[in-house]
Amino acid sequence: MPKLTVYFFLLSSQVYWVSIDYLLVAKLAASCGSYFTSVMYVEHWCEEQFKTLTIGGPDFSQNEMLPDHIEILVWAVNRINEPDSLYGILQSHKLTSQIITFEHEGNWGKALEYYDLQVQSDASILKDVSSRSLSLKQTGASNLSSFASEINDMTQSRPYKGLIRSLQQIGCTHVLDMYCRGLTSTRDQLQHDLEFAELQYESAWHAGNWDFSLPCVVTKFLPTPNIKCDHFNENLHSCLRALKEGVLSDFQRKLRDSKQELVWSVSHASEESTEYIYLTIIKLQMLYHLGMAWDLRWRTCPDNSTKFCLLKQNVSPEPVIPSIQQLSWLDMEWCSILERTQLHMNLLEPFIAFRRVLLQILSSRDCMLQHLLKSATTLRKGCRFSQAAASLHEFKLLSVEINGQCSSLYWLGRLEEAKLFRAQGQNVMAINLAMYVSQNYRSNEEASDVYRLIGKWLAETRSSNSRTILDKYLKPAVSIAEDVNATAKNAMERQCQTHFHLAHYADALFKSHEERLCSNEWQAAMRLRKHKNDSDLVHGLLEVEGALMEKTDYSMKIHELQKQVAMDKEEAQKLQDDRDNFLSLALEGYKRCLVIGNKYDVRVVCNFTTNKLANGSSHAKVLRDLVQSFKFIPLVYQIASRMGSSKDGQGQLNFQLLALANGDRIKDKQRSRSSFVVDMDKKLAAENLLNELSSYHGAIIGQDTNKKATLPRDLRNLPVLELFSRSPHYLLKAVNEELPSPALAFFRASTVPVVTATISIDRSCQYHEGTFPYFKGLADSVMIMNGINAPKVVECLGSDGHRYRQLAKSGNDDLRQDAVMEQFFGLVNTFLRNHQDTWKRRLGVRTYKVVPFTPSAGVLEWVSGTLPLGEYLTGRPVMHYFFLERFLQPAEWFEKRLAYTRSVAASSMVGYIVGLGDRHSMNILIDQATAEVVHIDLGVAFEQGLMLKTPERVPFRLTRDIIDGMGVTGVEGVFRRCCEETLSVMRTNKEALLTIVEVFIHDPLYKWALSPLKALQRQKEMDEDLDTSLEEPQNDYQGNKDAARALLRVKQKLDGYEDGEMRSIHGQFYVKGWKKFSIYILPAHLILRFVSLQLKTTQQEVLYVWRALTSFPVAPPHPLSPRDHHLRVTATATLRATPRATATATFVTTLTSGPSPFSLSCPFTLRDPEADPHSRRDSHRD
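Fair warning: this is a prediction, and the values are worked out from it, not measured in the lab. (Residues numbered from 1 in each chain as written. Predicted model: local features only at pLDDT ≥ 70, side-chain atom pairs only at ≥ 80, totals over all residues. Heavy atoms only, no water.)

**Some points on the overall build of the protein chain**
As a reminder of what qualifies: Secondary structure follows DSSP: runs of H or I at least 4 residues long count as helices, runs of E at least 2 residues long count as strands, and numbering of each begins at the N terminus. Three labels apply to residues, based on accessible area from a 1.4 Å probe with only protein chains included: buried if under 20% of the type maximum, exposed if over 50%, partly exposed otherwise in between. We call two residues contacting when some pair of their heavy atoms lies within 4.5 Å. Methods summary: accessible areas were calculated by the Shrake-Rupley approach with a probe of 1.4 Å, and residue burial reflects only the protein chains presented.
The number of helices and strands found in the protein chain is 51 helices and 15 strands. Burial status across the protein chain gives 49% buried among its 1182 residues. A separation threshold of at least 6 residues defines the contact pool for the protein chain, and within that pool the share at least 24 residues apart is 69%. Of the roughly 58,700 Å² of accessible surface on the protein chain, 54% is carried by carbon and sulfur atoms.

**A look at the sheet that holds strand β11 (residues 866-868)**
To summarise the sheet geometry, strands pair through backbone hydrogen bonds and adopt either a parallel or an antiparallel arrangement. Threshold: We treat two strands as partners when DSSP finds at least two bridges between them. Only the stretch in contact is used when fitting a helix axis, every axis being a line fitted to C-alpha atoms; angles between N-to-C directions are given from 0 to 180 degrees.
The sheet built from 3 strands is open, its strands ordered β11-β12-β13 with antiparallel pairing. The open sheet has two edge strands with one neighbour each: β11 and β13 (933-935). Each neighbouring strand pair of the sheet contributes to a mean axis angle of 35°, computed without reference to strand direction. One ladder, built from 3 bridges, connects β11 with strand β12 (residues 924-927); its direction is antiparallel. Counted as the bridge partner of Pro868 is Leu925 from β12. Packing against the sheet, helix α38 (residues 890-913) makes contact with β12 and β13, and its axis sits at approximately 25° to β13.

**Here we look at the packing of helix α41 (residues 990-997) against helix α45 (residues 1041-1055)**
So the rule is basically this: Roughly parallel covers angles under 35 degrees, roughly antiparallel covers those over 145, roughly perpendicular covers 65 to 115, and oblique covers all other angles. Should the near helix be turned counterclockwise from the far one by less than a right angle, the crossing is left-handed, whereas a clockwise turn marks it as right-handed.
Packing of α41 against α45 leaves a shortest axis separation of 10 Å and a crossing angle of 165°. By the angle between their axes, α41 is roughly antiparallel relative to α45. Crossing angle aside, the handedness with which α41 passes α45 is right-handed. Together, Lys990, Leu993, Leu994 and Val997 of α41 and Leu1047, Val1050, Lys1051, Leu1054 and Asp1055 of α45 make up the contact between the two elements.

**Regarding a nonpolar patch on the surface**
Cut-off, in case you're wondering: Here a patch means residues that are over 30% exposed by relative accessible area and free of salt bridges, tied together within 9 Å if like-charged and within 5 Å if nonpolar (Val, Leu, Ile, Met, Phe, Trp, Tyr). Any carboxyl oxygen of Asp or Glu within 4 Å of a side-chain nitrogen of Lys or Arg constitutes a salt bridge here.
Judged by side-chain polarity, Ile633, Ile759, Ile761 and Tyr767 come together as a nonpolar surface patch covering roughly 290 Å² of accessible area. Locating Ile759 in the fold gives a position in the loop between α33 (741-749) and β5 (775-778). Classification of Ile759 by relative accessible area gives partly exposed; the value is 31%.

**A look at the packing of helix α11 (residues 232-245) against helix α12 (residues 248-268)**
Two elements in contact, α11 and α12, have axes separated by 8 Å at closest approach and are oriented at 155°. Classified by the interaxial angle, the pair formed by α11 and α12 is roughly antiparallel. For the crossing formed where α11 meets α12, the hand is left-handed. Contact residues: α11 offers Phe232, Asn235, Ser238, Cys239, Ala242 and Leu243, while α12 offers Asp250, Phe251, Lys254, Leu255, Asp257, Ser258, Glu261 and Leu262.

So, in structure tokens, the structure goes:
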């Protein structure tokens, strides 16, 4: 849709097309607050201007003004409240771009520096603004004169206002006051600037300057929600001054005017201006608190109510200092605001400053202390370090003035100061201050936190040895926390936190020792020590000494050798003892975490399970008695995979037991090819455990195993079943009266849960009827899908009235890998939800249920409401039309495209970590309601694609069609930052993620179960003449070697290793996402040559046909020669005469035979290549 057209129907039935400038429409949309509409039309303009969906190249000119379309996008995105788009829009390094970025990030110190540079170049700014105003008038934007004039006036004074705003945010009150006075006296145009007056009033009430006043400022523009031209700060300053002095009339009038102004502005504001609406709500909250504060200061209610009455006759002649109990309601409201804003600092900062000034006026010093301390914590967590330091400085002065250095609150403030130093990277100062606090602060309730933080910081910075960290800090922190006999929630959380940090550090030490003991260097040293300790060698030396009748004394050499041997033994024994002690300490700490609280359940369960099952432990019985079993449900497959070995564990398991018990139920083809090895130990262990569970839950276990397994065979033997071919469905008919009685009873009385339904965990293990949907029957139709194994889609009827579509598969695919992949995705989603930045972005990977019953059969949840990307891209190589066609409202269009980009980013990073391959466009679905992508068919993982005949070397699918759906910013901005955030969270939680993948070592897939060594061993058993010795090394991994190698590669990625080098988050993402990006383009030349050979024609002619089919907007690199022109005309004529299906099938078959990431899944449109290059955009609408 490159041109917006208006149709005029005349009497002669003629239609006239009138072109409209998209950029002008975008400016109009921005001026009326329709920011999503503005973004959409800017993208249409970019597509028309640059002939492709891009924002244009970087601007390195000397002009400091941003281009028109960039300025509109920045204006709109800042008010949409989206955190990442700005980074994709600003691609230059101009001062203006840098300032916008610094303000967006809250880096006001750097913004102050760049604003000062802009002030120094004020003359050039005014010149650019004047030329901009002239260009706007020349382009016919006279109807935007008011809007353009506002923008120009703002631009002229922007550096000065930016300096004021930066100084205010940093907290330089004195410098700000002097600077405002200087501006007022030297720059006349600012005296009539309403925004400048508002900034001055804001600075005045921040500093408590109640004598400040300005003459009435009259603006020539009407108040709009797009420009800050209201009088809120002026009214707030007057209300606070009236509250302090007790002038009720002024207080009522200003409060009423301010409320009316805010209500009017928010009612007329665009719904798309989320940032403005949220800020207005915060301002209304401030006025509400202000009204309650009047009742507390100037009026005493008999019933101690805080209702805002403002009755003149009840005004107290003298101000009243409210007590802490009277201010409790305000504290509750403040805590509620903190929880709802979720550290959105642009909303919290004004309210924090207002609350500080309000408590100053109320003269509530105790509440003021608590507020300053809590504000410092909030500002530190929001990375507003300068404001946090200002709050702490005021806190220390007030605390010493009130109570000296004896109060516990003072030492908590000093501890918060140490946390601030740590957050700013001043590690030595933070540790020293925390140690000073620990020496002077003796409160048992908080002392454990002090010791814990010191130990944690010393461990992270590696500033001390492990013995000091454990014995002086982490262990005492646990002891102090345990000594506090409190059952309060805070006390229990503190105990859980101290136990976790102790266990986590001990676990890290254990893994370090384990790696050293397993390293090649240590093994070589052990062989050398064994050689030194050889008794025969020592005796031989003694015999030599006796035989040689010389004066040389060899006893000193022998004693020295024996001393070295003793020292080596002592070192080895100490290392092994330390390893065992660290393991025991880690397991004990993890156990206490699971018993006490739930905060660290996911990480603790993963680490505990890995250490316990890998190394054995005596904690199993204690763990079973104290820890609730439901906490181990997420890792039940990992626990079950260890069954059958000498390190088995006991536990409560679910459907995975059935899959293990059916480990020998494979097809005869697989058995005859010897491609699968049945692990009878695991099979027997699973059967024994099922039998043991049957003694407790016999009815349920019987339903889940016997009847459920035998029912399909009963149904297959029914003579009344008929299959009628009705493309694309097959009708399945069954007569209930002729069902066998066991099967009929099963259908009528079964309470077997629907395996693909989401069932909440019942911690009591009762699962009463009605708490989960159970199986009631099957629908009367089944759909048979394409594929060599012909999977079936059935509808399961649930007891809750819902129909659950399921895909039943039986063939060569091992669904256990899909199940573990979905489990891996689910764990990643848990960590993404628990992280503040990824939670705000709603990052996640779409998952579905996978239930394997045997190594080659199982059931998958059908993902309803989705469409394969390949089906949509057939005939249309531009993905962005998906959003324009399905989401007609601009706000919904922007939201769904944002969800698509974030979903692609998260799934790409997760797929890269697990080495997910075979990502052609039919294996990627898109939800037609939410626009999120769903990856299916996860059989090629752990970089198995590298073993294919045509290796898949790309890290994830990022073709031009995928990028096209992301908008004009492409891979920059939202996609890049979401990728980095996802990768960062995964690297932080690598231990837990590795625990999920580790299941393949102990329950390997049938592809890996028969290693080359075992295959040769079987050949040896069949061929008696084969005398090759095939003894496995004793120091090899347990379990499957291929799985261990795959796990090692996943670990390397999570550690940040690429090409043998350790990389940062940005470096790792850049290498994998961009360095190999050309792989998507490079195979085109190879495919072109292949096609030309197959069709027995020239590559040039194939290239023309290919460009015609794919609608490439690529011009020839040089003018066409007569021969090339003839080839192009001939190819075009051939193309016109060729049926669409034949031409498409020929090229699609050829293209999709290449590497999967390059398979574009039929993104071809049959058209005249000589026609307008934009004609393809409208052809698909016919």
